[in-house]
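# Overview (structure and organization)
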Amino acid sequence: MTPASSDSAGAPALVIGLTGGIGSGKSTVARLLVEHGAALVDADQIAREVVEPGRPAHRALLQRFGTDIVTADGTIDRPALAARVFGDPVALADLNAITHPVIGAELLARRNAAAARGGVVVVDIPLLRDEHRRALELALVVVVDAPTEVAVERLVSQRGMDRTDAEARVAAQADRATRLAQADIVVDNVASPEDLRQRVDQLWSDLAARLALTATPPGR
Ligand code: ATP
């Protein structure tokens, strides 16, 4: 594990990765950590921003995929784009080649800006890979975990998603064991929202203690 890092002279920072499968409760955990005082860098939000009209990735996507993938107001039609690359590895590779570098650069810039301000920085990445851990110098990775059936049930009951669609989306992700293997800390989200809140309170105490350690000069 990378040790907690002090990213600026005066303000120690603890930069962590947060991940979890769809419906696991990752966004809820991110929100609770922000309530405790964490700064949030959200990869999903960045992924949406970098393809907004006027941004270079928007132009590149139109050049590659044509005007069928934009709505009437010029924004990228995400379902249309997803349908376009589904089952077409070449198209998917092109999409990734256009978007991943700009998302990666923006993630790093925001991670660095947040770390320079000090405190706990949470980088929320739905599909976190080892490269992220290295490139973003994550001190540790927190995985929010819920059994597949529970995640599907929440997507159906709370998000109004069609059950077949929810099952397909959960199945299409990196499998649970692979995700859990990346974890330094697992937040179990199988029980109630209140139980989750308590687990995040404990997580915050743990993170605050680790941050305090980074602020203590060695030997004190
Ligand atoms: P996505 O990847 O789709 O954004 P997510 O992993 O971020 O999903 P959340 O949005 O946090 O998941 O949670 C999915 C749904 O389940 C939300 O409606 C959330 O309010 C609800 N939820 C989260 N945790 C619990 C819980 N312990 N009990 C009941 N509902 C929960």
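Read on for an overview of the structure.

The rules behind these values
Residues numbered from 1 in each chain as written. Predicted model: local features only at pLDDT ≥ 70, side-chain atom pairs only at ≥ 80, totals over all residues. Heavy atoms only, no water. Near = heavy atom within 4 Å. Polar contact = N/O pair within 3.5 Å; in protein donor to acceptor, adjacent residues only side chain to side chain. Areas by Shrake-Rupley, 256 points an atom, 1.4 Å probe, with all protein chains shown as cover. Pairing = 2+ DSSP bridges. Helix = DSSP H or I, 4+ residues; strand = E, 2+ residues; numbered from the N terminus. Axes fitted to C-alpha atoms, helices over the stretch in contact; angles between N-to-C directions. Contact = heavy atoms within 4.5 Å.

### With respect to the site of the ligand
With respect to spatial proximity, 15 residues lie near the ligand, and among them Ser27, Thr28, Gln158, Arg159 and Asn189 are the closest. Gly21 places a polar main-chain atom, nitrogen or oxygen, 3.2 Å from an oxygen atom of the ligand. The separation between a nitrogen atom of the ligand and a polar side-chain atom of Gln158 is 2.8 Å. Isolated, the ligand exposes 620 Å² of accessible area, and the fraction of that covered by the protein chains is 80%.

### Some points on the sheet that holds strand E3 (residues 119-124)
Sheet architecture is open: 5 strands sit in the order E2-E3-E1-E4-E5, paired in parallel fashion. Strand pairing shows two members of the sheet lacking a second neighbour, strand E2 (39-42) and strand E5 (185-188), which therefore form its edges. Looking at each pair of strands side by side, their axes are set apart by 25° on average, direction ignored. Pairing of E2 with E3, which is carried by 4 bridges, proceeds in the parallel orientation. The residue bridging Asp42 from the neighbouring strand is Asp124, located in E3. Helix H10 (residues 193-215) rests against strand E1 (13-20), E3, strand E4 (140-145) and E5 of the sheet, and its axis sits at about 160° to E5.

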